[in-house]
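# Fold and contact review
Residue-level listing of the chains:
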Amino acid sequence: MLGFFIAIISGALMGIQGVFNTGVTKASSVWSAGAFVQFSALIVCLFVWALTDRTNLLNVFHVDSKYMLLGGAIGAFITYTVVVSVSKLGPAKAAMFIVIAQLIVAYLIELLGLFGITKQPVSMKKVLGMLIAIIGIVIFKWESA
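Calculation rules
Residues numbered from 1 in each chain as written. Predicted model: local features only at pLDDT ≥ 70, side-chain atom pairs only at ≥ 80, totals over all residues. Heavy atoms only, no water. Phe/Tyr/Trp six-rings, centres within 6.5 Å; stacked < 30°, edge-to-face > 60°. Helix = DSSP H or I, 4+ residues; strand = E, 2+ residues; numbered from the N terminus. Polar contact = N/O pair within 3.5 Å; in protein donor to acceptor, adjacent residues only side chain to side chain. Contact = heavy atoms within 4.5 Å. Buried < 20%, exposed > 50% of the residue type's maximum accessible area, 1.4 Å probe, protein only. 1 Å grid on protein atoms, 1.4 Å probe; cavity = no way out; pocket = protein on both sides within 12 Å on 5 of 7 lines; lining within 4 Å. Points joined across faces, edges and corners; volume = space filled by probe spheres on them. Nonpolar A, V, L, I, M, F, W, Y, C, P; charged D, E, K, R; others polar. Expected span 1.5 Å × (residues − 1).

On to the packing of aromatic side chains, then. Throughout the structure, instances matching the rule amount to 3 aromatic pairs. Relative to F77, the ring of W31 has its centre 5.7 Å away and its plane inclined at 80°; by these criteria the two rings are edge-to-face. Taken together, the residues span a long stretch of sequence, with W31 in helix α2 (residues 30-52) and F77 in helix α3 (residues 71-89) at a distance of 46 residues. Between Y67 and F115, the ring centres sit 5.8 Å apart and the planes meet at 55°, which makes this aromatic pair tilted. Residue Y67 is located in the loop between α2 and α3, and its partner F115 is located in the loop between α4 (91-112) and α5 (124-143); the two are separated by 48 residues in the primary sequence.

Encoded structure:
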């Protein structure tokens with residue numbers, strides 16, 4: 001149950017962050033805002049690490065698959081794509097498309113067993129759920145047009 005609450009908080013924070021980052025971008029540029037966002041995230045992470053964890057920071061390099069270290073670089077492009085989509089579509093539409101894309105990609109990762117994830121069989125309930133979500137986007141877009 002805790003996982004559900006954490007996921008809800010994550011989604012809420014992502015929605016707020018997208019709006020905030022778009023506002024910062026209006027005062028500067030996408031990449032300078034992105035640099036500030038990533039830098040401020042680094043500061044927060046180091047601060048919380050110093051208060052709570054304090055394991056060796058270099059242990060991250062012990063990961064078996066070195067490509068996993070690209071998460072931060074991907075984060076820079078996530079910041080860019082969220083800012084651009086929020087500025088072009090608005091927060092609600094952008095969030096819906098982002099969440100559906102996340103869901104589809106995550107499900108494909110499970111189905112194909114990519115990146116060390118245990119391969120899962122196709123579930124018609126999950127496919128139907130995604131189709132319903134996509135139909136919801138069409139209805140949302142149609143209603144607001």
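Before going further, it helps to spend a moment on the side chain of T25. Along the chain, the position of T25 falls in helix α1 (residues 2-27). A distance of 2.8 Å separates the side chain of T25 from the backbone oxygen of N21, its partner in a polar contact. Excluding its chain neighbours within four sequence positions, the residues that come into contact with T25 are V30, A33 and V83.

Take the environment of Q38 next. Its location among the elements puts Q38 in helix α2. For Q38, a relative accessible area of 30% puts it in the partly exposed group. Counting along the chain gives 25 residues from Q38 to L13, while the straight-line C-alpha distance between them is 15 Å.

Turning next to the layout of surface pockets. Each pocket or cavity is described by its volume, and for the largest pocket that value is around 510 Å³. Surrounding the largest pocket, 23 residues form its lining, M14, Q17, I78, V82 and I98 being those nearest its centre. Breaking the lining of the largest pocket down by element, the ones donating at least two residues are α1, α2, α3 and α4. Its residues placed into classes, the lining of the largest pocket shows 13 nonpolar, 10 polar and no charged. The volume enclosed by the second largest pocket comes to roughly 330 Å³. What lines the second largest pocket is simply Q38, L42, C45, L46, L57, V60, M68, L69, G71 and G72. Elements with a contribution of two residues or more to the lining of the second largest pocket: α2 and α3. No other element matches α2, which puts 4 residues into the lining of the second largest pocket. When grouped by side-chain class, the residues that make up the lining of the second largest pocket number 7 nonpolar, 3 polar and no charged.

Spanning 26 residues, α1 covers 38 Å between terminal C-alpha atoms, matching the ideal 38 Å at 1.5 Å per step. Restricting attention to buried positions, one finds in α1 the residues G18, N21, T22 and T25. Looking at the buried positions of α1, the neighbouring elements they touch are α2 and α3.

Secondary-structure assignment places A35 in helix α2. Since its relative accessible area comes to 46%, A35 is described here as partly exposed. Considered as a pair, A35 and T79 are 44 residues apart in the sequence and their alpha carbons are 9.3 Å apart.

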